[in-house]
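Reading the structure
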Amino acid sequence: MAAMSPDPSPRSAGAPAPDRATRIEAHGIDHIPDRERHGHPRELFSVWAAANVNYLSLVIGGALVLMGLSLAQALVVIVVGNLFWLLTGLLAISGPAAGAPSEVITRAMYGVRGNRVNNAVTGWVISVCYFALNLAAAAGAAFTLVERAGVAVDTGVKILVVLLIAGVTLTIGVYGHGLIVRLYLPLTIALTAAFGVVAYVVLLRADFGHVPDAPLTGVDLWATLIAGVTLIAAGPLSYTTSADFSRYLPRNSSAKAVMGWTALGGFLPSVVVCAIGALAGTVVDMSDPQAALESMLPGWFGPLFLLALVLGTIAINAMTAYSAGLALQAVGLRIRRSRSVLVDGVVAVALTLYALLVSNFLDTVGNVLQLTVVLLGPAMTVYAVDILLRHNRYDGRALMDESRGSSFWYAGGVNVAGAVAVLGGGGVAALCVDTAYTGPVARALGGVDLALPVGMIVAGTVYGLLMRGRITPRA
């Protein structure tokens with residue numbers, strides 16, 4: 001699955017410094033030459049695991065029980081929804097092949113100009129929204145820690161706490177890939193230990209035979225099951241940027257290993273943490289997950305649990321900020337990657353303060369996660385189909401060419417096939433939505449929301465048909 005011949009040339013004067021944890025990453029969306037490739041696919045497990053042992057997964061797991069599902073039904077939904085991590089893993093194999101981030105590889109799908117729009121919407125805007133939601137979750141736990149330290153949490157203190165958490169998060173994002181790879185292994189171990197205690201306590205008290213007082217049946221049951229899968233799937237589908245974290249791997253890295261370690265790193269912790277949230281929901285009211293879980297935990301562990309919630313959210317947000325920074329560069333903003341990450345932080349902090357001080361956080365989480373799949377499902381499907389059509393053979397240097405003579409200029413800088421597939425899939429999915437609003441298809445089906453599967457099927461089919469015969473995999 002190699003894309004091109006090795007680059008044996010020596011390092012030239014002024015070339016970016018090697019990828020190290022103690023040095024700010026010099027590379028942005030530019031091609032990573034073979035002489036700077038390093039590491040093993042197994043490193044990807046801890047990168048993705050640390051980002052998915054987090055508070056948001058607990059919230060979603062508990063929400064499934066609040067939606068009226070039995071424990072058994074919730075656990076099935078959790079497993080099925082998290083199977084979408086396989087797609088995240090598939091997209092990651094394009095990183096070593098191209099030596100480029102996802103934000104550049106998608107020029108093959110949308111064209112040089114079309115890809116700028118793609119990165120602006122599915123890359124930057126949605127990433128910043130996720131950053132804000134996760135930051136709001138971390139801030140809520142941090143506020144409780146501050147209160148226990150005897151400090152009154154007024155508006156000023158809330159703003160200060162949000163800025164502090166954002167500062168730590170953005171520092172990791174600014175230092176970039178090297179620090180993320182080095183830091184996330186010990187972070188995974190620490191978070192696993194903390195959530196292991198939570199799991200032990202919850203398992204002792206959980207009602208394994210939990211069934212709601214008024215069990216859902218018929219259309220209501222199917223509508224809730226599909227909504228739950230969509231809610232879970234929104235997590236892995238948000239990572240259409242998984243090649244960002246695999247692009248430094250050697251070109252000859254096993255595609256199966258890259259896909260497997262990425263998918264497992266996301267799937268395993270997400271299933272476990274979501275399941276903990278669902279199990280807790282059988283005995284406590286998870287409409288306020290943090291307070292509910294704290295009521296179950298021993299007093300001495302409370303502060304450690306809150307700290308783990310903050311650290312887990314910092315881990316996921318540092319990755320989000322990192323990719324959002326690359327997306328800004330890919331949009332065409334001529335700015336260093338380290339500075340683009342800071343721009344992301346400013347916008348995300350503003351959105352976070354709105355989410356905390358104005359809106360209802362839990363409702364915001366549900367609506368945003370379910371609505372993003374309207375675009376993210378089709379976008380990820382088009383990316384996956386393109387990988388299969390090209391046999392994962394991407395010419396990294398050709399992808400860097402933004403001129404009119406580029407192999408990926410297509411018609412006026414836009415690949416009509418990619419644009420039609422994503423817009424068509426997203427448009428049809430929007431008709432099937434039943435969350436922030438009810439689309440006509442969902443209304444006709446009695447509230448069953450088929451936005452996720454329909455959008456993905458339409459986008460993948462359209463792209464495959466329009467690109468079939470137009471792609472000659474490059475050796």
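Rules of the game
- Residues numbered from 1 in each chain as written.
- Predicted model: local features only at pLDDT ≥ 70, side-chain atom pairs only at ≥ 80, totals over all residues.
- Heavy atoms only, no water.
- Helix = DSSP H or I, 4+ residues; strand = E, 2+ residues; numbered from the N terminus.
- Rg over C-alpha atoms; globule rule 2.2 N^0.38 Å.
- Buried < 20%, exposed > 50% of the residue type's maximum accessible area, 1.4 Å probe, protein only.
- Contact = heavy atoms within 4.5 Å.
- Areas by Shrake-Rupley, 256 points an atom, 1.4 Å probe, with all protein chains shown as cover.
- Lys, Arg positive; Asp, Glu negative; His and termini not counted.
- Charge placed at Lys NZ, Arg CZ, Asp CG, Glu CD.
- Phe/Tyr/Trp six-rings, centres within 6.5 Å; stacked < 30°, edge-to-face > 60°.
- Axes fitted to C-alpha atoms, helices over the stretch in contact; angles between N-to-C directions.
- Parallel < 35°, antiparallel > 145°, perpendicular 65-115°, else oblique.
- Left-handed = near helix turned anticlockwise from the far one by under 90°.
- Nonpolar A, V, L, I, M, F, W, Y, C, P; charged D, E, K, R; others polar.
- pLDDT = per-residue confidence, 0-100.
- Patch = residues over 30% accessible without salt bridge, like charges linked within 9 Å, V, L, I, M, F, W, Y side chains within 5 Å.
- Salt bridge = Lys/Arg side-chain N within 4 Å of Asp/Glu carboxyl O.
- Expected span 1.5 Å × (residues − 1).
- Polar contact = N/O pair within 3.5 Å; in protein donor to acceptor, adjacent residues only side chain to side chain.
- Core = buried A, V, L, I, M, F, W, Y, C linked by side-chain atoms within 4.5 Å.

1. Details of the overall build of the chain
- Helix and strand counts for the chain come out as 20 helices and zero strands.
- Relative to its length of 475 residues, the chain is compact, with a C-alpha radius of gyration of 22 Å against a globular reference of 23 Å.
- Across the 475 residues of the chain, 59% fall into the buried class.
- The contacts of the chain with a sequence gap of at least 6 include a subset with a gap of at least 24, amounting to 85%.
- Here the chain has roughly 18,100 Å² of accessible surface; of this, 67% comes from carbon and sulfur atoms.
- Of the side-chain charges in the chain, 28 are positive and 25 negative, and the distance between the mean point of each set is 14 Å.

2. What about the environment of Ala194?
- Here Ala194 is to be found in helix α10 (residues 177-205).
- Using a relative accessible area of 12% as the deciding quantity, one classes Ala194 as buried.
- Taking the C-alpha atoms as reference points, Ala194 and Leu309, separated by 115 residues in sequence, lie 9.3 Å from one another.

3. Points about the environment of Tyr354
- By secondary structure assignment, the location of Tyr354 is in helix α15 (residues 337-357).
- With relative accessibility at 48%, the residue Tyr354 sits in the partly exposed group.
- Between the C-alpha atoms of Tyr354 and Ala136, which are 218 residues apart in sequence, the distance is 9.3 Å.

4. Description of the packing of aromatic side chains
- All chains considered together, the criterion is met by eight aromatic pairs.
- Aromatic pair Phe245 and Tyr322: ring centres 5.5 Å apart, planes at 35°, arrangement tilted. One end of the pair, Phe245, is in the loop between α11 (218-237) and α12 (255-280); the other, Tyr322, is in helix α14 (residues 302-331), with 77 residues separating them in the sequence. We note that Phe245, like Tyr322, is buried.

5. Focus on the environment of Ala280
- Relative to the assigned elements, Ala280 resides in helix α12.
- If we skip the residues at most four places from it in the chain, Ala280 touches Val202, Met286, Leu293 and Met296.

6. Some remarks on the packing of α14 against α15
- Two elements in contact, α14 and α15, have axes separated by 8 Å at closest approach and are oriented at 110°. Classified by the angle between their axes, α14 and α15 sit roughly perpendicular to one another. Regarding α14 and α15, the two cross each other, and that crossing is right-handed. Contact residues: Ala321, Tyr322, Ala324, Gly325, Leu326, Leu328 and Gln329 in α14; Arg337, Ser340, Val341, Val343 and Asp344 in α15.
- Partitioned by chemical class, the residues of the contact of α14 with α15 number seven nonpolar, three polar and two charged.

7. Some remarks on the confidence of the model for the chain
- In the predicted model, the chain carries a mean pLDDT of 89, and the fraction of residues at 70 or more is 93%.
- By mean pLDDT, the top-scoring element of the chain is helix α4 (residues 85-92) (98), and the lowest-scoring one is helix α16 (residues 361-389) (80).
- In the model, residues 1-15 has pLDDT below 50 throughout and makes 36 contacts with residues more than four positions away in sequence or in other chains.

8. Here we look at a nonpolar patch on the surface
- A cluster of nonpolar side chains, namely Val76, Val79, Val80, Leu83 and Leu86, defines an oily patch on the protein surface of about 400 Å² accessible area.
- The element contributing the most residues to the nonpolar patch is helix α3 (residues 71-82), with three residues.
- Among the secondary structure elements, Leu83 is positioned in the loop between α3 and α4.

9. Points about the packing of helix α2 (residues 55-66) against α12
- Direction vectors running N to C along α2 and α12 enclose 45°, while the axes themselves pass 7 Å from each other. Taken together, the axes of α2 and α12 are oblique relative to one another. As α2 runs across α12, the sense of the crossing is right-handed. Each of Ser57, Leu58, Gly61, Gly62 and Val65 in α2 lies in contact with α12, whose residues at this interface are Val273, Cys274, Ile276, Gly277 and Ala278.
- Looking at side-chain class alone, the contact of α2 with α12 contains six nonpolar, four polar and no charged residues.

10. Here's the deal with α12
- Helix length check: α12 (26 residues) gives 38 Å between terminal C-alpha atoms against 38 Å at 1.5 Å per residue, within 8%.
- Sitting at the head of α12, Ser254 places a side-chain oxygen 3.4 Å from the backbone nitrogen of Lys256.

11. Here's the deal with α4
- Taking burial as the measure, the eight residues of α4 include seven buried ones, the bulk of the element.
- Of the positions making up α4, those classed as buried are Trp85, Leu87, Thr88, Gly89, Leu90, Leu91 and Ala92.

12. Topic: the nonpolar core
- Leu58, Ile105, Met109, Tyr184 and Leu237 are the most contacted members of the largest nonpolar core, which totals 137 residues.
- In terms of residue count, α14 provides more of this core than any other element does, 16 residues in total.
- Setting aside residues up to four positions removed in sequence, Leu58 forms contacts with Phe195, Val273, Ile276, Gly277, Met286, Leu293, Phe305 and Leu309.
- Formed by five residues, the second largest nonpolar core is a distinct cluster that contains Val374, Ala429, Cys432 and Val433.

13. Comments concerning unusual backbone geometry
- Here the phi dihedral of Asn392 falls at roughly 60°; this positive angle occurs in a residue that is not glycine.
- Mapped onto the secondary structure, Asn392 falls in the loop between α16 and α17 (396-400).
- Notably, Tyr410 is not glycine yet its phi reads approximately 55°, a positive angle.
- With respect to the secondary-structure elements, Tyr410 resides in the loop between α17 and α18 (416-432).
- For Tyr410, a relative accessible area of 27% gives the class partly exposed.

14. Details of the pattern of salt bridges
- Counted according to the given criterion, the structure contains eight salt bridges.
- Salt-bridge contacts for Asp34 lead to Arg251; the nearest nitrogen and oxygen are separated by 2.6 Å. Placement of the pair is Asp34 in the segment before α1 (43-52) and Arg251 in the loop between α11 and α12, with a sequence separation of 217 residues.
- The class of Asp34 is buried, set by a relative accessible area of 17%.
- Accessibility expressed as a relative area gives 11% for Arg251, which makes it buried.
- Within the structure, one salt-bridge network assembled from shared partners comprises Arg107, Arg116, Arg334 and Glu402.

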